[in-house]
Amino acid sequence: MNDIKNRKGKVVIVSGPSGVGKSTICEEVVKRLNDVYLSISVTTRPRSKAEVDGEDYWFISEQEFQERIDKGLLLEYAEVFGHLYGTPRDKVEEAVQADKTVILEIDVQGAKQAKAIFPDAVMIFILPPTEKALIERMNHRGRDAADAAEKRLNGASSEIAAAWQHYKHMVINEDLQQAVDECVQIIESS
Ligand code: 5GP
């Protein structure tokens, strides 16, 4: 295994409640930076129709996920809304050794684990402009059944409360372009 203490690249952790627009922001940020790697997580969550295996996530079974934990292949992992999500270690380590900026779009529990490994990680939390806007975006996305959507909304409140402790940078996603500009600025100046 590479010695990640001697790493060169910058690690950026992006979190925020479901439906806040993290994925879109991260995709736009990637287009604006050179030498950047956006980590693709593994998850046991079922794939939605719009998602592509290997692009949005690697969709795997619980057994496969457990095997990856046992083999130490995950940099961090957490259970979020009843499903497991984790960051594959090898690709991230390769990218940091290659001096790339690595973006991890992960939840607050995983962010704490990743921060323990990369103490100087740039921590960005994306906030919705209002609770109403978040509900509208979740409904518009239409991926969840009503009970799952409610779980995600309740989760949002506790994530936002925890975020004040763990994240140096808070970015409000009211206007996508502005939120992307802010994230790029934070990353470039960190
Ligand atoms: P979703 O199901 O909406 O795609 O993701 C649900 C939550 O899981 C989001 O907060 C997302 O940031 C988080 N998540 C996605 N990938 C990972 C990961 O690899 N590790 C952790 N800890 N959380 C993740």
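Throughout this description, residue numbers start from 1 for each chain and increase along the sequence as written. With pLDDT at 70 or above as the cut-off, local features in this predicted model cover only qualifying residues; side-chain atom pairs require 80 or more to be listed or tallied, and sums for whole chains, interfaces and linings still use all residues. As a rule here, side-chain values come from all non-hydrogen atoms in the structure, and water together with hydrogens is ignored.

1. Focus on the environment of Gly16
Positionally, Gly16 belongs in the loop between strand S1 (11–15) and helix H1 (22–32). Gly16 sits 108 residues away from Ile124 along the chain, and the two C-alpha atoms are 8.5 Å apart. Not counting the four nearest positions on each side in its chain, Gly16 is found in contact with Lys22, Phe125, Ile126 and Glu159. Helix and strand assignments follow DSSP, with helices taken as H or I runs no shorter than four residues and strands as E runs no shorter than two, numbered in order from the N terminus. Should any heavy atoms of two residues lie within 4.5 Å, those residues are counted as being in contact.

2. A look at the site of the ligand
For each residue, the test is whether any non-hydrogen atom lies within 4 Å of the molecule or strand; if one does, the residue is near. The immediate surroundings of the ligand are formed by 17 residues, with Ser41, Arg45, Tyr57, Tyr85 and Asp107 found nearest. Pairs of N or O atoms are called polar contacts if they sit within 3.5 Å, as long as, within protein, a hydrogen donor faces a hydrogen acceptor (for residues adjacent in sequence, only side-chain-to-side-chain pairs). Side-chain polar atom of Arg45 to an oxygen atom of the ligand: 2.6 Å apart, as the coordinates give it. Here the open area of atoms and residues is found with the Shrake-Rupley method and a 1.4 Å probe, where only the protein chains shown may cover a residue. Here the ligand loses 96% of its free accessible area of 510 Å² to cover by the protein chains. Those elements that provide at least two residues to the shell around the ligand are strand S5 (74–80) and strand S6 (83–88). Here the shell around the ligand is composed, by residue class, of 5 nonpolar, 5 polar and 7 charged. Nonpolar residues are Ala, Val, Leu, Ile, Met, Phe, Trp, Tyr, Cys and Pro. Charged residues are Asp, Glu, Lys and Arg, and all others, Gly as well, are polar.

3. What about the nonpolar core?
The definition of a nonpolar core used throughout is a set of buried Ala, Val, Leu, Ile, Met, Phe, Trp, Tyr and Cys residues joined through side-chain atoms within 4.5 Å. Each residue is placed in one exposure class: buried if its accessible area under a 1.4 Å probe, protein chains only, is under 20% of its type's maximum, exposed if it is over 50%, and partly exposed if it falls in between. Counting residues in hydrophobic clusters, the biggest one holds 23 residues, and the most contacted among them are Val29, Ile124 and Ile126. Elements supplying a minimum of two residues to this core: S1, H1, strand S8 (122–127), helix H5 (131–141), helix H6 (146–166) and helix H7 (176–189). Here this core takes 6 residues from H7, the largest share from any one element. Ignoring any residue separated from it by four or fewer positions in sequence, one finds Ile126 in contact with Val14, Ser15, Gly16, Pro17, Val20, Lys22, Ile25, Val171, Asn173 and Cys183.

Scope: geometric values only; no functional claims are made or implied.
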